[in-house]
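Secondary and tertiary structure notes
Now for the letters of each chain:
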Number of protein chains: 2
Amino acid sequence: MNIILLSGGSGKRLWPLSNDIRSKQFIKIFQAPGGSHESMVQRVYRQIRSADPEARVIIATSKSQVSVIHNQLGEEVGISVEPCRRDTFPAIALASAYLADIQKIDPEETVVVCPVDPYVEADYFEALKALDRQAAREKAKLVLMGMEPTYPSEKYGYIIPGDRLPVSSVRAFREKPGKREAEEFIAQGALWNAGVFAYKLKYMLQKAHDMTGSSDYRYLFDHYENLEKISFDYAVAEKEKQLQVMRFEGQWKDLGTWNTFTEAMEENSIGEAILNETCRNVHVINELDVPILAMGMQDVVISASPEGILVSDKEQSSYIKPYVDKINQQIMFAEKSWGSFRVLDAGDESLTIKVTLNPGHRMNYHSHRNRDEVWVVIKGTGRTRVDGAERNIRAGDVITMAAESRHTVAASTELQMIEVQLGRDISVQDKQKYDDDYDLRKS
Amino acid sequence: MNIILLSGGSGKRLWPLSNDIRSKQFIKIFQAPGGSHESMVQRVYRQIRSADPEARVIIATSKSQVSVIHNQLGEEVGISVEPCRRDTFPAIALASAYLADIQKIDPEETVVVCPVDPYVEADYFEALKALDRQAAREKAKLVLMGMEPTYPSEKYGYIIPGDRLPVSSVRAFREKPGKREAEEFIAQGALWNAGVFAYKLKYMLQKAHDMTGSSDYRYLFDHYENLEKISFDYAVAEKEKQLQVMRFEGQWKDLGTWNTFTEAMEENSIGEAILNETCRNVHVINELDVPILAMGMQDVVISASPEGILVSDKEQSSYIKPYVDKINQQIMFAEKSWGSFRVLDAGDESLTIKVTLNPGHRMNYHSHRNRDEVWVVIKGTGRTRVDGAERNIRAGDVITMAAESRHTVAASTELQMIEVQLGRDISVQDKQKYDDDYDLRKS
């Protein structure tokens, strides 16, 4: 099975755990086999591998998510990087061209597209395989998956099928309706449109050509900024005559708010937390190193991260967005392809950060114009290069780098450093990268 | 007026703002003149100064509070330091001897004793002055202040007065009663015993001599550990025949729980906090640098400090102690006489701290056996001495100190440093101090 996972935008609905650079699909709150916690993207990737060990998985996403995807899924996962955000049709066209041109997939092969963030079980992946098989039969150009509605939701589009068979033609699409209308649709046997579908690769390449003038990956990538912002539903699905829908009745949950998100938690707390015996339906997710004590709370979510602390009634939590939009907090924590960083202290003319570099990883060779930096190694071993001079480093070593000095570091074992940045105009933009055509020798 | 303020023990009832080294009286949550916030001890000290600019204030406390008292009240405040905790009679005897021997107060002068932590207004200090004048009249050896009860509390002792006059003899004392008994006492005109009283200094010196064999400050200090643990009520008040009680009807609040503590707050939040419009009777005290967002909460206190986060129903908050007793969190923040420190990161073999040194202050000259240290100056100027060698320092400078190396630093302007401690057995106990008989030259 070829599967394109659409990994969507930033979103702050799960603040303080999601923010401008960390989307909800990267928050590790689900119990993983072995007792640790995994994120939605890790969970779905593991589930796909389990359902189909041969599956070819491509993640269609923006540049800002590449680091965290590599951090969470490893370096080998295929990523179709969108140069900018352009809605779902350009994203799917680009990823399809990536499959054809880069991964050399035969255009006669089928492709399944689905969002990365629904919370599902094994039956969903069996249904994806059935969807894939149905697309291979070419009874239709496009086969959608329609979710059996569990309530008259106003936040989904509806698919009106031609009949109530497991696989049916599509009579019509309906945009997000009001509640009354949704009830009527459901009475007619309508299904939620969840953005899950399958097609033969050649079909989407033809659509890309029709809409943009080309199905060439390089062309689409280079001209991505100029492609029309248009959704897949509007550009393709709603216009396609040879269309089928396949019903899915299993669990499919969109964990878009704290209320729904915590419903999927198997424990009441993750991280250091104490809930006294008078707490009812309380969920705590604590990413800080200090304990949270909750007493006498009911129907409440408490979430703490280096970015902030949320204490909310679960119902109320769905109204979080305007409040969080007003918060102008700098990024305090980020997972990168090479490891992670956490801001420890922000002063007027200094920024102190804890940097963790994974074994075998390294930073780019770079310099800063407006700040000096000091590294104090607190754990592990590695090797630095500063203005051309290399040295091995280990816990206790101090490396000072004046502004304009070129520097990098590579980790032999997991390397932790306290980085102190000093200067008047400290900014992530102040970074010049240099050619990287040498290897730090093994320490 | 001579006034002994009893500054009591640690207590975790206001965790995470109070802990083993920070008692509730040092938490800055009250609006101070000028718009900043002040602690209980700062508030009561300011109120005394306002009621009687000539007042001589002695704070009777343990060694562990000396630093924070100097930090909050300045270096000039008189402190009678108890070498260990020995209940109220030894503490009052020692402080009285301190007044006589160290501050050279005439034994004919009067002394007022009161706890540092009730929340009171100006009328209370006028009442203290009246109590002081009454003691000067020597109609009795000891004059107690009796608080008009506002409810049948089970947590106070009661004083049964001889009559209902403003100043009366004392008929009897009653230990903390049950609720029914308390109601009866109140019906009889009983008053709360709040541990507030006045006497002539010679009286308490005589009591010290009677109970311990000496009223000499040096003797009491040196033998403090061997003094009997006994309360002032039990040792003195309940045995005294020539005893009076003076009624006080003004505001006197014991802010011992989060519930009562937040009642005294004039704002709903201190620190970075957003309360949405569905919050009712919510108080947030946030000592962290990141925002707290509260949504749909009612009758709740939220408190965050570098030690942890509390989210509690206000009623429930009075049951906090057993939960907090189980938390074994290292001290993450402390105010010292010389400034403050905050733990930024605790690793397996490292500890990263932000140290702030107030202008003109310095550390002791010291060394550590089991750890190296690195200082990175992030703000201000000062001077270091490391193994005898002195140098001026400023933002950007890095000072490395191997284990056993003797070192100190003095601040010219407010000096902020990131201190990284490195070693296997990092402990606050690992500190050797050296003679301090030199001055760091001015930088």
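Residues numbered from 1 in each chain as written. Chains lettered and ligands numbered in written order. Predicted model: local features only at pLDDT ≥ 70, side-chain atom pairs only at ≥ 80, totals over all residues. Heavy atoms only, no water.

All names here are of chain A. Along the polypeptide, A32 turns up in the loop between strand 2 (30-31) and strand 3 (37-38). Through-space distance from the C-alpha of A32 to that of R43 is 7.6 Å; in sequence the pair is eleven residues apart. Among residues more than four places away in sequence, those in contact with A32 are H37 and E38. (Helix = DSSP H or I, 4+ residues; strand = E, 2+ residues; numbered from the N terminus. Contact = heavy atoms within 4.5 Å.)

Right, let's get into the environment of L14 of chain B. Residue and element names in this part refer to chain B. Tracing the backbone shows L14 in the loop between strand 1 (2-6) and strand 2 (30-31). Distance in space between the C-alpha atoms of L14 and K321 is 8.9 Å, their sequence separation being 307 residues. Ignoring any residue separated from it by four or fewer positions in sequence, one finds L14 in contact with K24, I27, L255, G256, T257, W258 and F261.

All names here are of chain B. Here helix 3 (residues 88-102) spans 20 Å end to end across 15 residues, near enough to the 21 Å set by a 1.5 Å rise per residue. Counting buried residues along helix 3, twelve of its 15 residues qualify, which places the element largely inside the surrounding structure. Among the residues of helix 3, those classed as buried are F89, P90, A91, I92, A93, L94, A95, S96, A97, Y98, L99 and A100. (Expected span 1.5 Å × (residues − 1). Buried < 20%, exposed > 50% of the residue type's maximum accessible area, 1.4 Å probe, protein only.)

Looking now at the pattern of salt bridges. Enumeration according to the criterion identifies 49 salt bridges over all chains in this entry. Measuring nitrogen to oxygen at the nearest pair gives 3.7 Å for the salt bridge that ties K28 of chain B to E335 of chain B. In this pair, K28 of chain B sits in the loop between strand 1 and strand 2 while E335 of chain B sits in strand 20 (residues 333-336), placing the two residues 307 residues apart along the sequence. Look at K28 of chain B and you get partly exposed, because its relative accessible area is 33%. Residue E335 of chain B is classed as buried on the basis of its relative accessible area of 17%. Residue R218 of chain B is joined to D222 of chain B by a salt bridge in which the shortest nitrogen-to-oxygen separation is 3.4 Å. Taken together, the residues span about one helical turn, with R218 of chain B and D222 of chain B both in helix 7 (residues 217-222) at a distance of four residues. When its relative accessible area of 48% is taken as the criterion, D222 of chain B is described as partly exposed. If you follow the salt bridges from partner to partner, you end up with K24, D117, K155 and D254 of chain A in one network. (Salt bridge = Lys/Arg side-chain N within 4 Å of Asp/Glu carboxyl O.)

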